[in-house]
Amino acid sequence: MSGKVRIAPSILSADLWRLGEEVADVERGGADWLHVDIMDGHYVPPITFGANVVAALRRHTPLPLDVHLMISEPERHIDAFVQAGADVITVHVESCVHLQNTLSGIRKAGKKAGVVMNPHTPESSLEYVLDEVDLVLVMSVNPGFGGQTFITSQLRKMERVASKVQQRGLTIDLEMDGGIYATNVKSVTDAGANVIVAGTAVFGQSNRAAAIQQLRDAVAG
Ligand code: DX5
Ligand code: ZN
């Protein structure tokens, strides 16, 4: 595990009617990043937010915006999310025809580039892009929905990715997303993750500061 563990609440599970207040709530509650799930109804079944929502968030929160693109042909939309003020932009291995090109384009635009692996994606898919990314996101559920069950096999994958990163002497954030709660977050950080996405675990509780603290306490053991 490299450095401080960051908690990134996912607004997918927020009360969207009160989105501004929800974001302010987790900001006050000690969130480190804000995770924004962009879904297009094609790469994954639901449709969620677009770059306009990212731009609105950017105007109202100083939290780093971690924009998770679950969309087909993400290369067509990178510029819009860059302009909207995303800080981290992550793309799925399987959604990119020219993965290296898309990742380097994100970096050239001055943003942190992240590569996302689905539960079935082998870590070998990172071989030729690992040196050019700022973050690797290992999905611990299949993308598309909040509130799913954590797939434990992904812990082994995270360990393997973490050791590869260490072998190469790289400084890369390692993020895990899906089904993470205070009950299993320690296994996630023990496997090497330092960025924890939490949708239901944070927005599913009325006291968000307490929810975030529970995650931190669990990590501290
Ligand atoms: C799922 C999304 C997740 C989701 C996680 O496709 O990528 O970010 O919000 O939600 P929980 O934490 O409820 O599994
Ligand atoms: Zn996500």
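Residues numbered from 1 in each chain as written. Chains lettered and ligands numbered in written order. Predicted model: local features only at pLDDT ≥ 70, side-chain atom pairs only at ≥ 80, totals over all residues. Heavy atoms only, no water.

S.K.: How should I be thinking about the coordination of the zinc ion (ligand 2) in this particular structure?
M.R.: Coordination angles at a metal have ideal targets, namely 109.5 degrees for four tetrahedral donors and 90 or 180 degrees for six octahedral donors. Those donors, H35 (NE2), D37 (OD), H68 (ND1) and D177 (OD), are the protein atoms that reach the zinc ion (ligand 2), and they lie 2.1 to 2.3 Å from it. Given six donor atoms and angles of 70 to 170 degrees at the metal, the environment of the zinc ion (ligand 2) is assigned as octahedral. Read in sequence order, the donor residues for the zinc ion (ligand 2) give the motif H-x1-D-x30-H-x108-D. Of this pair, D37 sits in strand β2 (residues 34–39) while H68 sits in strand β3 (residues 65–70), placing them 31 residues apart in sequence. The burial state of D37 is the same as that of H68; both residues are buried. (Donors = N, O, S within 2.8 Å, 3.2 Å for Na, K, Ca; no water. Tetrahedral: all angles 85-135°; square planar, octahedral: opposite > 155°, others 65-115°. Helix = DSSP H or I, 4+ residues; strand = E, 2+ residues; numbered from the N terminus. Buried < 20%, exposed > 50% of the residue type's maximum accessible area, 1.4 Å probe, protein only.)

S.K.: Is there a simple way to explain the environment of A51 in this structure?
M.R.: Summarising the element assignment, A51 is placed in helix α2 (residues 51–60). Between the C-alpha atoms of A51 and G147, which are 96 residues apart in sequence, the distance is 24 Å. A51 has contacts with A80, F81 and A84, leaving out every residue within four places of it along the chain. (Contact = heavy atoms within 4.5 Å.)

S.K.: Can you help me understand the sheet that holds strand β5 (residues 112–117) in this one?
M.R.: Think of a sheet as strands paired side by side through backbone hydrogen bonds, with each pair either parallel or antiparallel. In spatial order, the strands read β1-β8-β7-β6-β5-β4-β3-β2; together these eight strands make up an open sheet with parallel pairing. Each edge of the sheet is formed by a strand with only one pairing partner; in this case those strands are β1 (6–9) and β2. Between one strand axis and the next, the sheet turns by 25 degrees as a mean value, whatever way the strands run. (Pairing = 2+ DSSP bridges. Axes fitted to C-alpha atoms, helices over the stretch in contact; angles between N-to-C directions.)

S.K.: Explain the site of ligand 1 to me, please; I cannot follow it from the model alone.
M.R.: Contacts to ligand 1 come from 20 residues, most closely from S10, G144, D177, G179 and T200. Here D37 contributes a side-chain N or O atom positioned 2.8 Å from an oxygen atom of ligand 1. Between ligand 1 and the protein, one listed contact pairs an oxygen atom with a side-chain N or O atom of T200 at 2.4 Å. Sorting the residues of the shell around ligand 1 by element identifies β2, β3 and β8 (195–198) as the ones contributing at least two each. (Near = heavy atom within 4 Å. Polar contact = N/O pair within 3.5 Å; in protein donor to acceptor, adjacent residues only side chain to side chain.)

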